[in-house]
Amino acid sequence: MADFSFSDDHELQNLNAQVLTDPEEFEHWEKLVRAAEAQEGGLNRNSSPQAIAATRDVYDRFLAHFPLFFGYWKKYADIEFSIAGTEAAEMVYERGIASISTSVDLWANYCGFKAETNHDIDMIRELFERGADSVGLDFLAAPFWDKYLEFEERLEAHDRMFAILERIVVIPMHAYARYFERYRALARQQPIQRLAPQDVTERLRSNVAREAGSKLRNTAETERELRSQLDAYHMELFQRTQDETTKRWTFEQEVKRPYFHVNPLDEAQLENWRKYLDFEEGEGDYIRTKFLYERCLVTTANYDEFWFRYARWMQGQGSEKEQEVRTIYQRASCFFVPISQPAIRIQYSMYEEAVGNQTIAADVLEAVLMVLPSHFEAIIALANLQRRQHGHEAALGVLQRYRDSYETTMYVKGALVGESARLVADCKGQVEEARKIFRTQSAGLQDCSIFWMKWFFFEVGQPIRNEEQQAQHYQRVKGVYDAMRESSQLARSTMKEITGYYLAYLCERGPTDAMKELIEVDRQVNGPPTVQQGMERFIDDGKMGDTASLSNGLAGAPMQVGMGMQGGGVHGMS
């Protein structure tokens, strides 16, 4: 970590302290980087070792946090070149393209730098080819391809230039027409065998001979006619490329921000990426679709929606893509999607379990809970994993561990009590043991709404087989409701909401005299303050209750509306 104690620049020290306090704030980093670069009048070979080391550390920390800012990789490489030379700069460039391999600008800068500072032609060409594999399909790849062609032109390697153009002219991109004109001009200087695949050339040669018939032609005339037909063949290629470019232009013109930034994208941008991916997937070209996903995920790196989509699409390409799918999940989980959005990590855990890596699956969830110890879905996912792999007792152990943890919020504690009871009842068949869990935990959860909701709907959800059981069922549901009214410390709006569900229960499943109780409870809870009874003990939170389930205080929806409280959401126990 950077140590600025050697410097008497208080602003630099303050900026570093701000970054340490709030590492997610981009503006703090931006100011710190600028201040570090400006030390001692600007870094160079003669700068103090302390200033150089501190600046390197700032850049390393900044780019570890925001690896998709290609411009800063370029600036870092420039600084290293000025203070340590070519090799140090190349190491930064290599780190940069490993972090953002689809950056046309970064590849163009790196290749240009290599061409200027290295005299090994083969090594430079090898780097350009790596770049072509990484960004050659980009709709705006012209800066890179121009740099490659410029390099070969300096060497007067016209054959290589033609080979590069031969690759470019079939790629849908913004500058397709300019490259085709250059390709067509160079084609006039190339031998016929270089102008098309051998089977195409032979077919066209046969066409020329057939059209000539019995007329004798000299070699020059034959070649002229063959070149004319090859030019027509090239025009067909051009038309296909033009058509493919036009198809994509609809989406490309709506890409307003093709680079990463911490500021959120507007919905129109997100929708455009969705439609663009739909289109490219529909075209069925694996390489182009994969490349578009990689481009998209530079811009939308912080949106788990697109990581989910990429992983699912890759999974759909066949079982041999297991490692590619894993890499997508790891990139999303470890680098880009904030830990505050752990859904992608939970999905990654499920994927690892699905392919037989149960230990890794558990480790992923444990890692989430180290940072978010009260995240309900992650706890339930871990408990479910343990139940599937090691049985019900292992799952109950997980639930109890987090239920008893001082780091777990009261709301989540209440939800976990409900999940523990439901697991005992549904999976072990021990309904009385489940009721015991609710009873023993109620004293410490008097003000926890989710606890009371889950207890209430646990009893509502118990099966009924005859009239005798119906009577017992009613008494148990009433018992939980009465306990709520007598001892809980809930908000008044919550009490009214649960009362609405209880009144619905009385309507749908109550005994013969249920309406007598309904009218009385309704008066006590929903009447004006002068006739209410027992409501003064509940906290007035200023809310009116759940109007979706209540109508003038009475039940406005069937019990099924509230039965969802029994489960744990998408990751609920089962």
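Predicted, not measured: the structure shown is a model, and the values here were computed from it.

(A) Structural view of helix α18 (residues 358-371). Its 14 residues place the ends of α18 21 Å apart at the C-alpha level, agreeing with the 20 Å of an ideal helix rising 1.5 Å per residue. For α18, the full list of buried residues reads A361, A362, V364, L365, V368 and L369. Burial along α18 is one-sided: seen end-on, the buried residues are contained in an arc of 155°. More than 90 degrees from the buried face of α18, the exposed residues found are T359 and M370. Summarising the contacts, the buried residues of α18 are in contact with α17 (343-354), α19 (376-390) and α20 (392-403).

(B) Seen up close, the domain arrangement of the protein chain. Partitioning the protein chain into structural domains gives domain 1 (10-207 + 219-249), domain 2 (258-336), domain 3 (339-408) and domain 4 (430-541). On a C-alpha basis, the centroid separation for the pair domain 2 and domain 3 is 26 Å. Contacts between the two partners involve 13 residues from domain 2, matched on the other side by ten residues from domain 3. Both sides together, the interface formed by domain 2 and domain 3 hides about 1100 Å², and carbon and sulfur atoms give 58% of it. Of all residues in domain 2, R326, Y329 and S333 bury the most surface against domain 3, accounting for 45% of the area lost on that side. Here domain 2 and domain 3 share one salt bridge between them. The partner of E352 in a salt bridge is R326, and the shortest N-O contact between them spans 2.7 Å. Where the side of domain 2 that touches domain 3 is concerned, the elements lending two or more residues are α15 (304-315) and α16 (322-336). Looking at the side of domain 2 that touches domain 3, the element that brings in the most residues is α16, giving seven residues.

(C) Summary view of the pattern of salt bridges. The tally for this structure, following the rule as stated, stands at 42 salt bridges. Note that E419 and R422 form a salt bridge whose closest N and O atoms lie 3.1 Å from each other. Here E419 and its partner R422 are both found in helix α21 (residues 410-428), three residues apart, which amounts to about one turn of the helix. A single burial state applies to E419 and to R422, both of which are buried.

(D) A look at the packing of aromatic side chains. Considering all chains together, one arrives at 48 aromatic pairs under this definition. Seen from their ring centres, F69 and Y72 are 6.0 Å apart, and the 75° between their planes marks the pair as edge-to-face. Here the two residues F69 and Y72 agree in accessibility, since each one is buried. Here the aromatic rings of F456 and F457 are separated by 5.0 Å at their centres, their planes lie at 85°, and the arrangement is edge-to-face. Under the relative-accessibility criterion, F457 is labelled buried at 0%.

(E) How the structure looks around the environment of Q229. Note that Q229 resides in helix α12 (residues 219-252). Separated by 21 residues in the primary sequence, Q229 and V208 place their C-alpha atoms 8.3 Å from one another. Filtering out sequence-adjacent residues up to four positions away, Q229 remains in contact with L204, N207, V208 and E211.

(F) Looking closely at the packing of helix α14 (residues 286-299) against α15. Running from N to C, α14 and α15 cross one another at 160°; their axes reach a closest spacing of 10 Å. What the angle tells us is that α14 and α15 run roughly antiparallel. Along this stretch, α14 crosses α15, giving a crossing that reads as left-handed. Contacts between α14 and α15 involve Y286, T289, K290, Y293, E294, C296 and L297 from the former and F306, W307, R309, Y310, W313 and M314 from the latter. Of the residues assigned to the contact of α14 with α15, the class counts are nine nonpolar, one polar and three charged.

(G) Structural context of the nonpolar core. One finds F62, F144, W145 and Y179 to be the most contacted residues of the largest nonpolar core, which totals 107 residues. Y179 has contacts with A142, W145, D146, L149, L165, I168, V169 and M173, leaving out every residue within four places of it along the chain. By size, the runner-up hydrophobic cluster in this structure holds 60 residues, among which are A434, M495, Y501 and L506.

(H) Examining unusual backbone geometry more closely. A positive phi is found at E40, a non-glycine position, where the angle reads about 55°. The backbone phi angle of E156 is positive, close to 55°, even though this residue is not glycine. Summarising the element assignment, E156 is placed in the loop between α8 (142-154) and α9 (158-168). Take E156: its relative accessible area is 61%, and that puts it in the exposed class.

Basis of the calculations
- Residues numbered from 1 in each chain as written.
- Predicted model: local features only at pLDDT ≥ 70, side-chain atom pairs only at ≥ 80, totals over all residues.
- Heavy atoms only, no water.
- Helix = DSSP H or I, 4+ residues; strand = E, 2+ residues; numbered from the N terminus.
- Expected span 1.5 Å × (residues − 1).
- Buried < 20%, exposed > 50% of the residue type's maximum accessible area, 1.4 Å probe, protein only.
- Arc of directions from axis to C-beta.
- Contact = heavy atoms within 4.5 Å.
- Domains from an automatic or database assignment.
- Buried area = accessible area lost by both parts, 1.4 Å probe.
- Salt bridge = Lys/Arg side-chain N within 4 Å of Asp/Glu carboxyl O.
- Phe/Tyr/Trp six-rings, centres within 6.5 Å; stacked < 30°, edge-to-face > 60°.
- Axes fitted to C-alpha atoms, helices over the stretch in contact; angles between N-to-C directions.
- Parallel < 35°, antiparallel > 145°, perpendicular 65-115°, else oblique.
- Left-handed = near helix turned anticlockwise from the far one by under 90°.
- Nonpolar A, V, L, I, M, F, W, Y, C, P; charged D, E, K, R; others polar.
- Core = buried A, V, L, I, M, F, W, Y, C linked by side-chain atoms within 4.5 Å.

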